[in-house]
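Spelled out, the chains give:
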Amino acid sequence: MLTQRALFFRLAQVGALFLMALLGMFDVANGMASSGDMVFLQVLSAIATAVVWLPRHRHNSARLPKVATVLGICSLLLTVGVGGTNLDYGGSYGLAETVGLLGVLFVVSRHGEARWSVIGVLAIGAALGFLPLRSGFDTGMVIAGLTQGLFGTAVIGLGIYLRTVEATRNRAMDAVRAEQRAEFARDLHDFIAHHVTGIVVQAQGARFIAEQDPKRVLLALEQIETAGAETMASMRRMVGVLRDPNAQPDAPLTPLAGVDELSPLLDQFTNSGGPLARLHVDGSTEGVPVEVSTSAYRVVMEALTNIRRHAQGARVADVWVRRTPDWLLVRVANDGLPPKAGTPREAPGYGLVGLQERVRAVGGRITAGPGIDGGWVVDAALPLDQEVTQ
């Protein structure tokens, strides 16, 4: 099944070939500007131009401009030969070949490798400009040659313009891919840090209770196995994308969870030995933009990870999600002791710093600090409408 663009390309090719066929018949009917073998060579030269511009060429092809250069030189030599034998002058100089040379100019300037394309364009341009001289050296033919040169310049400009547009689009796509890969790198940190921290805590707890209640160790090992499997699945999906941005992983290239997945996240946090995590939702979460939903999930996940790492003596972690007409408000609070001053933090770009970048990317804001009643509180406000004024 051809795409619309491919179909248009094929129709344009058929139209150009049909035009060349009509002009070829006109050339023959009105007498070529020579006779004998020279007529055969002119017909062959016109066919050769179609052979060059008709196929699809890969971008930055080095072979294409080289072939075009040879074709241009042969056309120039043919012009010299026809001009030398056409003593009476007159006849058609080759309108079909003219259209073919214009097509070659276009594909070379559009797809040819830059360094060789300069030579190829000069050779084809010269052949195009001198082609009318096969019918004579009078003023009319000189003007025709100059006119064809102007047409050739326009065709070159069109090819370069389309080449520039494509290059700009490719650069934009590369930038999007790079941004996507950076986003997945941050996601990789968030997920792996959360799961691995839980695994470490469960392993420490299993070692502690091994001597007191060996049966509970089996439950802890099952939870460790589940968390490890989830971690490996996340790593396989995300590292696959980081290695090959053009790959098509099993999971879609979208964040893995949103506000609707907060409940299982909190259950897992509690079951892995963390403080009791409680979820409070005020308002419907349906229709929340995906970038807002996933950002809210990351806020909660990072806050829970920090509670597990830094909140000493925390017994309860409360998560509030409230929806207003314009905002999604997220708060995570615990009743433990806040981190001590001078506690080493994570490397820049990760943890809270990375979370701030994520929230600001969707037009939101986030704060973190000691609560009024103690503990630590993380507040995030995420706009449901990207045009909300900050």
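Look up: the structure comes first, before these words.
Report on the accompanying structure. (Residues numbered from 1 in each chain as written. Predicted model: local features only at pLDDT ≥ 70, side-chain atom pairs only at ≥ 80, totals over all residues. Heavy atoms only, no water.)

### A word on the pairing of strand 1 (residues 276–282)
For a regular strand, the rule is simple: side chains alternate between the two faces of the sheet.
Reasoning step 1: The sheet contact formed by strand 1 and strand 2 (residues 316–323) spans seven bridges and is parallel. Among the inter-strand pairings, Leu279 is bridged to a residue of strand 2, identified as Val319.
Reasoning step 2: Note that the unit made of strand 1, helix 9 (residues 290–310) and strand 2 has a crossover that is left-handed. (Pairing = 2+ DSSP bridges. Helix = DSSP H or I, 4+ residues; strand = E, 2+ residues; numbered from the N terminus. Right-handed = clockwise from strand over helix to strand, strands pointing away.)

### Re the nonpolar core
Reasoning step 1: The biggest cluster of nonpolar side chains holds 33 residues, and the ones touching the most others in it are Leu265, Val299, Val300, Leu304, Ile307 and Leu328.
Reasoning step 2: If you list the elements that add at least two residues to this core, you get helix 8 (262–271), helix 9, strand 2, strand 3 (327–334), helix 10 (351–361) and strand 5 (376–383).
Reasoning step 3: In this structure, Trp53, Tyr93, Val108 and Leu131 belong to the second largest nonpolar core, which totals 23 residues. (Core = buried A, V, L, I, M, F, W, Y, C linked by side-chain atoms within 4.5 Å. Buried < 20%, exposed > 50% of the residue type's maximum accessible area, 1.4 Å probe, protein only.)

### Re the packing of helix 4 (residues 95–111) against helix 5 (residues 114–130)
To characterise two packed helices, one gives the angle between the axes of the helices and the distance between these axes.
Reasoning step 1: At their nearest, the axes of helix 4 and helix 5 sit 10 Å apart, and the two run at 165° to each other. By the angle class used here, helix 4 and helix 5 are roughly antiparallel. Of the two elements, helix 4 crosses helix 5, and the hand of that crossing is left-handed. Residue-level contacts link Thr98, Leu101, Leu102, Val104, Leu105 and Val108 of helix 4 to Ser117, Val121, Ile124, Gly125, Ala127 and Leu128 of helix 5.
Reasoning step 2: Considering only residue class, the contact of helix 4 with helix 5 consists of nine nonpolar, three polar and no charged. (Axes fitted to C-alpha atoms, helices over the stretch in contact; angles between N-to-C directions. Parallel < 35°, antiparallel > 145°, perpendicular 65-115°, else oblique. Left-handed = near helix turned anticlockwise from the far one by under 90°. Contact = heavy atoms within 4.5 Å. Nonpolar A, V, L, I, M, F, W, Y, C, P; charged D, E, K, R; others polar.)

### Structural notes on the packing of helix 8 against helix 9
Reasoning step 1: Relative to each other, helix 8 and helix 9 sit at 10°, their axes nearing to 11 Å. Comparing the axis directions of helix 8 and helix 9 gives the class roughly parallel. From helix 8, Leu262, Leu265, Leu266 and Phe269 reach across to helix 9, where they touch Tyr297, Val300, Met301, Leu304, Ile307 and Arg308.
Reasoning step 2: Residue composition of the contact of helix 8 with helix 9, by class: nine nonpolar, no polar and one charged.

In short, the description is geometric, and any link to function would need to be established separately.
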